Amino acid sequence: MSIIWFRKGLRLHDNPSFLHAIEPTTSTISPSVYPIFILDDHFIRPEYVSTNRMGFLIESLLDLDSQLRELGSRLIVLRGNPITVLPVKFQEWKISHLSFESDTEPYAIPRDASVLKIAEEHKVEVKTHPTHTLYDIRSVIQRNGGKGL
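The text that follows walks through the structure, step by step, so that each part is easy to find. The structure presented is a predicted model; accordingly, all values stated were derived computationally and were not measured. (Residues numbered from 1 in each chain as written. Predicted model: local features only at pLDDT ≥ 70, side-chain atom pairs only at ≥ 80, totals over all residues. Heavy atoms only, no water.)

### Focus: the sheet that holds strand 4 (residues 33–39)
Strand order in the open sheet formed by five strands is 5-4-1-6-7, and the pairing between neighbours is parallel. Where the open sheet ends on each side, the last strands, each with one partner, are strand 5 (76–79) and strand 7 (125–129). Neighbour-to-neighbour, the strand axes of the sheet open up by a mean angle of 25°, direction not taken into account. Relative to strand 6 (residues 97–101), strand 1 (residues 2–6) runs parallel, the two being bridged by four bridges. Its bridge partner lying in strand 6, Trp5 is registered against Phe100. The sheet contacts of helix 2 (residues 51–70) involve strand 1 and strand 4, and relative to strand 4 the element is tilted by about 175°. Along the sheet, helix 3 (residues 82–92) contacts strand 1, strand 4, strand 5 and strand 6; its crossing angle with strand 1, the most-contacted strand, is approximately 155°. (Pairing = 2+ DSSP bridges. Helix = DSSP H or I, 4+ residues; strand = E, 2+ residues; numbered from the N terminus. Axes fitted to C-alpha atoms, helices over the stretch in contact; angles between N-to-C directions. Contact = heavy atoms within 4.5 Å.)

Structure (structure tokens):
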């Protein structure tokens, strides 16, 4: 059983996590794959998100769900801190794989480090994909001896 955790890339055609999970011969999603989006309470506070931005997010989630339904699946929207939501779903759904896009924003770095640790504790294999930058920022910094360009 696997989770595709949609975060910023709320689309299918070029989402590596999604493309990795579909059945290549039929372009359908296996029933053993749970596509999720987590409404993180950190981001849905009024001081961080306007009415228009929230409306756009909801429209995007509805569109993503519609696309997934065409492929025989659906989007599962969860709410809460991913650090507490994911371990519950790991156990409830007997998850062995988690896939999501990497994120280099300040809030995301410690959150994702915690998610990776929790996944390891639950014996969940994790695959991350750089998607919202042209290059994997961590790899570029590492190749430059720990310094930016």
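### Here we look at unusual backbone geometry
Positioned with a positive phi, Lys94 is a non-glycine residue whose angle comes to about 55°. Secondary-structure assignment places Lys94 in the loop between helix 3 and strand 6. Look at Lys94 and you get exposed, because its relative accessible area is 65%. A positive phi is found at Lys123, a non-glycine position, where the angle reads about 60°. Take Lys123: it is sitting in the loop between helix 4 (108–121) and strand 7. (Buried < 20%, exposed > 50% of the residue type's maximum accessible area, 1.4 Å probe, protein only.)

### Focus: the pairing of strand 7
Pairing of strand 6 with strand 7, which is carried by five bridges, proceeds in the parallel orientation. Looking at strand 7, one finds that Leu98 is bridged to Val126. Handedness of the crossover is the feature at issue here: the chain leaves strand 6, passes through helix 4, returns alongside strand 7, and the resulting connection is right-handed. (Right-handed = clockwise from strand over helix to strand, strands pointing away.)

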